[in-house]
Amino acid sequence: MSLLLDAWVLVRDLSWSAEIVTGLSGTTTALGAGAGTHWWQARKSRVLPTLPSHSEALERAPDDGTRFFAAVHELTMCVTEAWNAGRARQAGGRVEALIKRDVLERCRDQITAAETGLRALLSPYAACGTGAHDVKNVLDPAWTYQSRDNYRTETYTVTSTDSKGRTKTETRTRQVYESTDHWFTFVRSTAEVGEQRLEAWTRRFADTRFPMLHIHRHRVDIDKLGSAERSFLERLIRSTVLEDPEAEVSASDLDHWANQWLLGTRVDERLETFQSRRAWVAQNARSSFETIYASESGYHYRTTSRSHSGPPGYQAHLALVRTLGAASSAWNDVDSMLATCVESADTLVAYARDPDVIESDRDYAQIAIRAYEAAFPASEIEVDQLARHGWTVAAALGTGTLVALASYALHPMGLGLW
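For clarity, every value in this text was computed on a predicted model and none was experimentally measured.

Procedures and definitions
- Residues numbered from 1 in each chain as written.
- Predicted model: local features only at pLDDT ≥ 70, side-chain atom pairs only at ≥ 80, totals over all residues.
- Heavy atoms only, no water.
- Helix = DSSP H or I, 4+ residues; strand = E, 2+ residues; numbered from the N terminus.
- Buried < 20%, exposed > 50% of the residue type's maximum accessible area, 1.4 Å probe, protein only.
- Contact = heavy atoms within 4.5 Å.
- Areas by Shrake-Rupley, 256 points an atom, 1.4 Å probe, with all protein chains shown as cover.
- Expected span 1.5 Å × (residues − 1).
- Polar contact = N/O pair within 3.5 Å; in protein donor to acceptor, adjacent residues only side chain to side chain.
- Phe/Tyr/Trp six-rings, centres within 6.5 Å; stacked < 30°, edge-to-face > 60°.
- 1 Å grid on protein atoms, 1.4 Å probe; cavity = no way out; pocket = protein on both sides within 12 Å on 5 of 7 lines; lining within 4 Å.
- Points joined across faces, edges and corners; volume = space filled by probe spheres on them.
- Nonpolar A, V, L, I, M, F, W, Y, C, P; charged D, E, K, R; others polar.
- Pairing = 2+ DSSP bridges.
- Axes fitted to C-alpha atoms, helices over the stretch in contact; angles between N-to-C directions.

1. Examining the overall build of the chain
And then number 1: Helices and strands together make up the secondary structure of the chain, namely 14 helices and three strands.
And then number 2: A total of 418 residues make up the chain; the buried ones form 38% of that total.
And then number 3: Within the chain, contacts between residues at least 6 apart in sequence are counted, and of these 81% link residues at least 24 apart.
And then number 4: Accessible surface for the chain amounts to roughly 22,700 Å². Of this, 52% is attributable to carbon and sulfur atoms.

2. Overview of the side chain of serine 179
And then number 1: For serine 179, the location among the structural elements is in strand E2 (residues 167-186).
And then number 2: Among all residues touching serine 179, those that are not within four sequence positions of it are Arg148, Asp149, Asn150, Arg302, Thr303 and Thr304.

3. With respect to helix H3 (residues 64-88)
And then number 1: Look at H3: 36 Å from first C-alpha to last across 25 residues, which is about the 36 Å you get at 1.5 Å a residue.
And then number 2: The buried fraction of H3 is high, at 18 of 25 residues.
And then number 3: Its side-chain oxygen at 3.1 Å from the backbone nitrogen of glycine 65, aspartate 63 defines the N-terminal cap of H3.

4. Brief notes about the packing of aromatic side chains
And then number 1: Inspection of the entire model under this criterion finds 18 aromatic pairs.
And then number 2: Ring centres of tryptophan 143 and tyrosine 314 lie 5.7 Å apart, and the angle between their planes is 75 degrees; on these two criteria the pair is classed as edge-to-face. Pair noted here: tryptophan 143 is in strand E1 (residues 143-161) and tyrosine 314 is in helix H12 (residues 312-353), with a separation of 171 residues, a long-range link. An identical accessibility class is assigned to tryptophan 143 and tyrosine 314; each is buried.
And then number 3: Where tyrosine 145 meets tyrosine 314, the ring centres are 6.5 Å apart and the plane angle is 50 degrees; that geometry is what we call tilted. Of this pair, tyrosine 145 sits in strand E1 while tyrosine 314 sits in helix H12, placing them 169 residues apart in sequence.
And then number 4: Residue classification places tyrosine 145 among the partly exposed positions, given a relative accessible area of 31%.
And then number 5: Note on tyrosine 314: relative accessible area 12%, which makes it buried.

5. Some details on the layout of surface pockets
And then number 1: What the largest pocket holds in volume is close to 540 Å³.
And then number 2: What lines the largest pocket is a set of 26 residues, and nearest its centre among them are Pro52, Ser53, Glu74, Met77 and Val103.
And then number 3: Looking at the lining of the largest pocket, the elements that each hand over two or more residues are H3, helix H5 (101-121) and helix H8 (227-242).
And then number 4: Residue contributions to the lining of the largest pocket peak at 11 residues, all from H3.
And then number 5: Per-class residue counts for the lining of the largest pocket are 14 nonpolar, seven polar and five charged.

6. Considerations on the side chain of histidine 317
And then number 1: Structurally, histidine 317 can be placed in helix H12.
And then number 2: In this structure histidine 317 comes out as buried when scored by relative accessible area, which is 2%.
And then number 3: Here aspartate 140 takes part through its backbone oxygen, which lies 3.4 Å from a polar atom of the side chain of histidine 317.
And then number 4: Residues in contact with histidine 317, not counting those within four places in the same chain, are Leu139, Asp140, Ala142, Trp143 and Ile292.

7. Quick look at the sheet that holds E2
And then number 1: Taken together, three strands build an open sheet; the order of strands is E1-E2-E3 and the sheet is antiparallel. Across the chains shown, the open sheet's two edge strands, defined by having one partner strand only, are E1 and strand E3 (298-303). Pairwise comparison of adjacent strand axes, ignoring direction, gives a mean angle of 20 degrees for this sheet.
And then number 2: In this structure, E1 lies alongside E2, joined through 19 bridges in antiparallel fashion. What sits directly across from tyrosine 156, in E2, is arginine 172.

8. Section: unusual backbone geometry
And then number 1: Unlike most non-glycine residues, histidine 54 shows phi in positive territory, near 50 degrees.
And then number 2: With respect to the helices and strands, the residue histidine 54 is situated in the loop between helix H2 (18-44) and H3.
And then number 3: By relative accessible area, histidine 54 is classed as buried at 7%.
And then number 4: You will see that glutamate 243, though not glycine, has its phi angle at about 50 degrees, which is positive.

See the structure below:
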């Protein structure tokens, strides 16, 4: 402690300028924080989660849904297994050299085949979702909303004191918010066309069956695994998921982690959202248009709020448009998930097959992670542990800035707190 105090007194007595002290302290701290953050991220990314799907131990017979998600899971784990193997070797090794190409291609083939079956099963959603999007685009322009904020100029004075104790008074102006004008415009002819399109869309899909996948009804039965498989699964959970070789892994833990590829999907949630939004539009369209048609061609309000809910007709119109949009978006999420997984699988196989270009380990990992996060957005398995250079820069800049400001404040030439 005495040595630290002596050093502090020495720095103080050197009478270095505030700028020098600030620069040195900020730069040193920034470098230290950046190096520490990079080390922590590199250490964390040395091991990525690797678990088999054990889809052979499902309680129910597999279908296209479980085959698709099991294959996406296995595809990702094929990459993370090669990633971990390369970092476990003393001499290292690239993912492209260590990855099991036959497993990768088998997963790709399973994903492609299952996706074809899923798209056939879910084709009513695709047709109805496209229709919902089209109706929304036709109906949306029936109402328009514009606003303008109103301000007044306010004059005020500011008194400041410099480091030598001299005071200075300045007169300044600022804009102060007063009110907002809101304009709502209704075009009846556009609403009528939108109603016709909506009625046609509703009639077309009135008797359509929209199937669910019920992925969460499936479960990997851990009791179906042999003792060697259970032991290996426990070891993988400790070493790649928990990254704690001493961790206790109970039977419930095995069940929890082995089923993340089933629990982590949100496909049925998206399909349920689509169905409920479609049903709401069908049930409320008639009363909504009664309210919409009772509207005037224009409305003007001046309020002290920057937002306004608008007249009843506008509110009824907005509810219809937003609900149609929510239905369309719910299907688009499913469609995008399927496309992302197929595209990612094709890309990884193309990487592995091309001997002329050796993609980086990070390229492989990023594509696999993209597929996994698209398919399993609610999974508790943290597959994406790759280092983020942005985090390193942010930690360095943030910590360096804070220390630099503190150094300036404590310097006798700064704010005089020493």
